[in-house]
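# Summary of structural features
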Amino acid sequence: MTRSIALPLLLLLACAPRGGAVPPSDAPVSAASPPAASTPTAPSVVTPPAEPRSEAKPEPVSLRVQGPGPLSDAQLRVLHGSPEDDVPERRNGILKVHEEEHYISGNERTLDLFHSTIADVGGGYVGVGTDQGYLLVDWARSDIAWFIDYDPEVLVVHEIYRRFLLGAASPEEFLALWERDGRDRAEALLRAEASDREAEQLVEAYRSYREEIRRRLGKVKARMEHEALPCYLGDLSRYEHLRQMVEQGRVRSMLANLLDDEALAGIAEAARTLEVPIRVLYLSNAEQYWKRYSPQYRSNIASLPLHGDAVLLRTLLRVSIDKDFHYGTQPATNYVEWLSAPYVRNVYDITGRPEYVKGELSFFTSEGDPSKTWLAKRWRNEHPDEAEGAADQ
């Protein structure tokens, strides 16, 4: 996420009028004599009213988020008060068989490939998914985080994470809540200060997804230990930092559809008001769901107040037997440039189709000038009038 008010003071001063000289009452006045000339009356002197001083305009109250520490009530209202999108009628999938699935835990095995790109960049984080967000925000040391998804069930999982992070003082305690032996304490945390309906929803979700999330978090922790990378799941100081972010309300999970028109625009406005530029934008492999970028999606991404060094993180599912992804980065402002080009249809126009070798990690970077691609050349040939108008702007 001091007002100085000057009150004008009007001073009106007036001098009372002074009368002329009067002759003594016993002084004879001769009828033959001409009337004595009267002494002229002094004019009244009126001090004009002082010019009112214009009221000083109050200095705008800054809601800029600066450094660690609790957010003010006003900052929290901005962060948590922006609108959400409606629940979509249906959720897509890359393949029809995967439509309407709940992606409760991540399945990207080697997120460590992103670490060096985002380490300690700070600023704002916007990203889809569940456990991926906590890991990436930990690495980025983000100031504010928006965890977004269009699946309400994902938001239920985020609420479980929130309660467990607040209820567990260490990563060991947090991980224990996902173990079979930790179920009683975990369910007590989920029922605390919750309505009966909310408690039942949280407990039901926990019982349904506990084992899946337990396995996922264990794999993430083991992977980061193998790569000797910092991770909140094994480092007390990093866990405490993430826990403090949640405690201070700096993390918001919200229903947001990348293709809808309210939530992303609201995030953009909140980030501007809080003066928190977006430094990390994590899309997972959402772009593969769409045959074409929609105008609304292009507008949503362009509306975000991106830092000049902001980075887009994306993954692309690769059809291989090792069941992993391609991991790609792109300067976020360059991504906006590509999205603004009418001839860029989908993610593959930007990335191509990365090659992979079984058993080898696949990491790539996308950038470049879209106007110098064969796509641009073809479009200019097919739309000469539009191309000429764009060149004149």
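For clarity, every value in this text was computed on a predicted model and none was experimentally measured. (Residues numbered from 1 in each chain as written. Predicted model: local features only at pLDDT ≥ 70, side-chain atom pairs only at ≥ 80, totals over all residues. Heavy atoms only, no water.)

This part takes up the sheet that holds strand 1 (residues 124-128). What the 7 strands build is an open sheet, ordered 3-2-1-4-5-6-7; its pairing is mixed. In this open sheet, the two strands that pair with only one neighbour each are strand 3 (251-255) and strand 7 (363-365). Taking each pair of neighbouring strands and ignoring which way they run, the sheet shows an average axis angle of 15°. Against the sheet, helix 9 (residues 263-273) engages strand 1, strand 2 (144-149), strand 3 and strand 4 (278-284), with an angle of about 175° to strand 2. (Pairing = 2+ DSSP bridges. Helix = DSSP H or I, 4+ residues; strand = E, 2+ residues; numbered from the N terminus. Axes fitted to C-alpha atoms, helices over the stretch in contact; angles between N-to-C directions. Contact = heavy atoms within 4.5 Å.)

Looking at the secondary structure, you find asparagine 346 in the loop between helix 11 (332-339) and helix 12 (347-351). Using a relative accessible area of 15% as the deciding quantity, one classes asparagine 346 as buried. Setting aside chain neighbours within four positions, we find asparagine 346 in contact with Trp290, Lys291, Arg292 and Tyr293. Within the structure, asparagine 346 has its side chain in polar contact with the backbone nitrogen of tyrosine 348 (distance 3.0 Å). (Buried < 20%, exposed > 50% of the residue type's maximum accessible area, 1.4 Å probe, protein only. Polar contact = N/O pair within 3.5 Å; in protein donor to acceptor, adjacent residues only side chain to side chain.)

For the rest of this paragraph, the subject is the side chain of serine 366. Residue position: serine 366 is located in the loop between strand 7 and helix 13 (374-382). For serine 366, the residues in contact, after removing those within four places along its chain, are Arg314, Thr329, Gln330, Pro331, Asn334, Ile350 and Thr351.

Turning our eyes to something else, we now look at the environment of lysine 291. With respect to the helices and strands, the residue lysine 291 is situated in the loop between strand 4 and helix 10 (295-303). Taking the relative accessible area as the measure of exposure, lysine 291 reaches 76% and is therefore exposed. Along the sequence, lysine 291 and asparagine 346 sit 55 residues apart, while their C-alpha atoms lie 6.1 Å from each other. Setting aside its immediate chain neighbours within four residues, lysine 291 contacts Arg345 and Asn346.

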